[in-house]
Amino acid sequence: MTESKTLIHLENVFFAYPDGRAVLNNLQFDFYKNDKIGLMGANGTGKTTLFHVIMGLRKPDKGSITLFGKPVSKEKHFAKVRHRIGLLFQDADDQLFCPTVLEDVTFGPLNLGLSKKEATRIAKETLTSLGLAGYEERITHKLSGGEKRMVSLATVLAMKPEALLLDEPTTGLDDQTKARLTEVLQVLDISRIVISHDFDFLSKVTEGVYLMEDGKIITDADIHVHQHVHAHAHGAHRHEHK
Amino acid sequence: MINEPFAAGTSIIHKLGPRYRIVIAVLYAFIVAVSYQFPVLILSLCISAIMAVCAQLNFRALVQRLLLVNVFILFFWIVLPLTGGGDIQFYVGPLPVYKNGILMSARITLKSNAILLSLISLIATMPFSVAGQALHALKVSDKIVHLLLISYRYIFVLEQEYRRLITAARIRGFKAGNNIHTLKTVAYLAGMLLVRAVRRAERVHQAMLCRGFKGKYYCLASFKPSYGNWIFTTFMAIIIICLAVMEWGNI
Ligand SMILES: Nc1ncnc2c1ncn2[C@@H]1O[C@H](COP(=O)(O)OP(=O)(O)OP(=O)(O)O)[C@@H](O)[C@H]1O
Ligand SMILES: [Mg+2]
């Protein structure tokens, strides 16, 4: 295994909010290229926090983070690699901050230095692939909750990330939209970690489910009958498949 | 609900280029604001009214807006004639009513309505996002444009949050009254709203960072040149010059 295949590596990470108890407690985690992982856990166990720590939006109190083989600790390190990971926020209202859908989806590509024309092309392509063709000029705050979520996903995918972190992507979606999202994610060949409380959904779009508990990730929990052979049998936590 | 009742439409004004409309509206408003003579003010009110007709504004929404401003102006009519000084026009009971005050109130009324009508016709007739892009194209500072657009985006979210809080209080039997309990609840609501706004700002900033934001704001819109814009601009420029000549020229 070469280092570059490890996309995310967390070692002995501790994190607590200023006013609270430890949310991440000596957490170990490895995430490899082509991994498709579901992450479950009770409310308030720190799943969202974990995503934010990975993205450098919150700094761990202790421990080290390695992204794409490079250690990252300061904002300037994160700023360089952040765009390679696409984070879908739990609340879509946080993610859509431009007046129109097209502006929002092109925001990322433009920041990456693409031309307006190129960015617009990518945005339109992405929207179409999500079944949102014709939404370009819609006003973001007037979209329904489900539409906002799909557009948020478009803003993330438009940056062509190498890994996706999806924070409860199905909340607020009706069955039809959920089915479309499932389909999109099944076709997409991007490494991903998906937080969800919906086991059925996870079993369709991921290849294994981890559990978060007591500030740690439990990879070898008997929570899911793995139907595949893990691509990373060499991982830190070798586990049995039933 | 906060809304933009005039933004959508198919009138001639809606079809004009946003940049031209903004520039003309600003110049026009400026000239009306500094004008003093009644013929000029009355004429400009007529011109503004014609613009409103051209823009095919929703009549009810327009009247609502105008009423709001004119109720405010009513206070000038109460205060200024009584305190204006100068020649006394007549007496209401024992109170002297001054001529200067009446004239001043009349000027304020004409000016405000003329400016308001023109701004509604020219600027409120474009969606806010377009106005932002037009300002950007007019080389207004990136930071200001950005600030405007983001405020616009999140006013709605805050309004929604405010409503959610109010509803939450109501369904648990809260009724506003003149007592400590009401004051306390309102204070909680205001505090909650503030906390949520700050949290929201923090998360939006994070979302922007995640999408590679480095402090530079890009603008997508490119505005097409058209003859209509130039005809409009020339026409309005002539009107503005005429108003200026009437005001300051010796005719
Ligand atoms: N901004 C904050 N300030 C202080 N404490 C916070 C903050 N955000 C979250 N917490 C606390 O941190 C803990 C973990 O929160 P987190 O949002 O990561 O949970 P989660 O696993 O995503 O939960 P859910 O399934 O409900 O989304 C919770 O106990 C929460 O109260
Ligand atoms: Mg969460």
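These numbers were taken from a predicted model, which means no experiment stands behind them.

Q: Help me understand the sheet that holds strand S1 (residues 6-16) of chain A in this model?
A: Residues and elements named next belong to chain A. Strand order in this open sheet of four strands is S2-S1-S4-S5, and the pairing throughout is antiparallel. Lying at the two open borders of the sheet, with one neighbouring strand each, are strand S2 (22-32) and strand S5 (70-72). With strand direction ignored, the average angle separating the axes of adjacent strands in the sheet is 25°. Where strand S4 (residues 62-67) lies against S5, three bridges are found, and the strand directions are antiparallel. Bridge pairing links Leu 67 to Lys 70 in S5. Against the sheet, helix H1 (residues 47-54) touches S1, S2 and S4, its axis set at about 120° to S1.

Q: How should the confidence of the model for chain A be read in this particular structure?
A: Looking at chain A, pLDDT values average 86 and 89% of them are 70 or higher. Every residue in residues 224-242 of chain A is under pLDDT 50, and counting partners more than four places away or in other chains gives 30 contacts.

Q: Even after reading the chapter, I still don't get the side chain of Thr125(B), so can you show me in this structure?
A: All names here are of chain B. Position of Thr 125 among the secondary structure elements: in the loop between helix H5 (99-122) and helix H6 (128-137). In this structure Thr 125 comes out as buried when scored by relative accessible area, which is 2%. Engagement of the side chain of Thr 125 in a polar contact is seen with the backbone oxygen of Ser 121, the distance being 2.7 Å. Filtering out sequence-adjacent residues up to four positions away, Thr 125 remains in contact with Phe 6, Ala 7, Ile 13, His 14, Arg 21, Ala 55, Leu 57 and Ile 120.

Q: Any chance you could explain a positive patch on the surface here in plain terms?
A: Residue and element names in this part refer to chain A. A contiguous patch of positive charge on the surface is contributed by Lys 70, Lys 74, Lys 76 and Lys 80. Inspection of the secondary structure puts Lys 70 in strand S5. Judged by relative accessible area, Lys 70 falls into the exposed class, the value being 51%.

Calculation criteria
- Residues numbered from 1 in each chain as written.
- Chains lettered and ligands numbered in written order.
- Predicted model: local features only at pLDDT ≥ 70, side-chain atom pairs only at ≥ 80, totals over all residues.
- Heavy atoms only, no water.
- Pairing = 2+ DSSP bridges.
- Helix = DSSP H or I, 4+ residues; strand = E, 2+ residues; numbered from the N terminus.
- Axes fitted to C-alpha atoms, helices over the stretch in contact; angles between N-to-C directions.
- Contact = heavy atoms within 4.5 Å.
- pLDDT = per-residue confidence, 0-100.
- Buried < 20%, exposed > 50% of the residue type's maximum accessible area, 1.4 Å probe, protein only.
- Polar contact = N/O pair within 3.5 Å; in protein donor to acceptor, adjacent residues only side chain to side chain.
- Patch = residues over 30% accessible without salt bridge, like charges linked within 9 Å, V, L, I, M, F, W, Y side chains within 5 Å.
- Areas by Shrake-Rupley, 256 points an atom, 1.4 Å probe, with all protein chains shown as cover.
- Salt bridge = Lys/Arg side-chain N within 4 Å of Asp/Glu carboxyl O.
- Lys, Arg positive; Asp, Glu negative; His and termini not counted.
- Charge placed at Lys NZ, Arg CZ, Asp CG, Glu CD.

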